[in-house]
Amino acid sequence: MFRTLAIVVLALFAALRPAAAQTAEPDQAALTVKAEAALRGIEVMRSDFVFSNQGGAHKGRLFVDRAGGRLRMEFDPPLGHLLIANGGRIDFIGGNGTVVSAGVQATPLALVFGPDAKLAGAVEVLEAKARGKSVYIAVAQRDRREDGQVILQFDRSAPDWTLSGWGYLDAEGRYTRTALANMRHGGDLDAALFEAPARQ
């Protein structure tokens, strides 16, 4: 069960694999600084998303409240999955009723709505590449590279970058992608969004 949670959570925080050689672009350090600023800029956000894996594409909605350390990711049927992070805990409620819990800091969720959103320390930047209006930052947990890579995708078409998606490449080479759309920032979110359903 825990592996199911790990794969889903990791898949939620990654993007398209970066293209190979590029022409002259900002160096990795400069790209990383801008990426960190974009992640820290996510305070309160609502967004639609499309999650893609070998089984196809699945739509859903994402809610983030950084100040409260809270996140909700709900998948439309037929998956029907629900993922809720509230403080230091994350609950994955599968569409089939399976429930798995873990600590948020043990997952890449901290990259997006954690207080630091810093791509350093326990997080290692493996590669940073720019391609047109997009930038791809591949990261892994420094002491757990074998768990796979998270690849964050940013839109740099405006001076202030925005997170546009993420993907996950696991140790077996399986790849999933989450693309964000219709992002809305600011306002308030109902606290009830971040309450896990009562277990039956």
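This write-up is about the structure you can find in this document. Since we're looking at a predicted model, the values are computed, not measured.

Some details on the nonpolar core
Judged by nonpolar contacts, the single largest core of 35 residues is most densely connected at Leu-62, Leu-119, Ile-137 and Phe-154. With sequence-adjacent residues up to four places away left out, Leu-62 is seen in contact with Met-45, Arg-46, Ser-47, Phe-49, Leu-71, Arg-72, Met-73, Trp-166 and Leu-180. Judged by nonpolar contacts, the second largest core, of seven residues, contains Phe-63, Leu-82, Ile-84 and Phe-194.

Section: helix H2 (residues 28–40)
Here H2 spans 18 Å end to end across 13 residues, near enough to the 18 Å set by a 1.5 Å rise per residue. For H2, the set of buried residues is Leu-31, Thr-32, Ala-35, Glu-36, Ala-38 and Leu-39. The arc that holds the buried residues of H2, viewed along the axis, is 160°, so those residues lie on one side.

Considerations on the side chain of Ser-134
Looking at the secondary structure, you find Ser-134 in strand E8 (residues 134–141). Not counting the four nearest positions on each side in its chain, Ser-134 is found in contact with Lys-129, Gln-153, Phe-154 and Arg-156.

Here's the deal with the pairing of strand E7 (residues 123–131)
Pairing of E7 with E8 involves eight bridges; the strand directions are antiparallel. Each bridged residue has a counterpart across the sheet, and for Ala-128 the counterpart in E8 is Ile-137.

Conventions adopted
- Residues numbered from 1 in each chain as written.
- Predicted model: local features only at pLDDT ≥ 70, side-chain atom pairs only at ≥ 80, totals over all residues.
- Heavy atoms only, no water.
- Core = buried A, V, L, I, M, F, W, Y, C linked by side-chain atoms within 4.5 Å.
- Buried < 20%, exposed > 50% of the residue type's maximum accessible area, 1.4 Å probe, protein only.
- Contact = heavy atoms within 4.5 Å.
- Helix = DSSP H or I, 4+ residues; strand = E, 2+ residues; numbered from the N terminus.
- Expected span 1.5 Å × (residues − 1).
- Arc of directions from axis to C-beta.
- Pairing = 2+ DSSP bridges.

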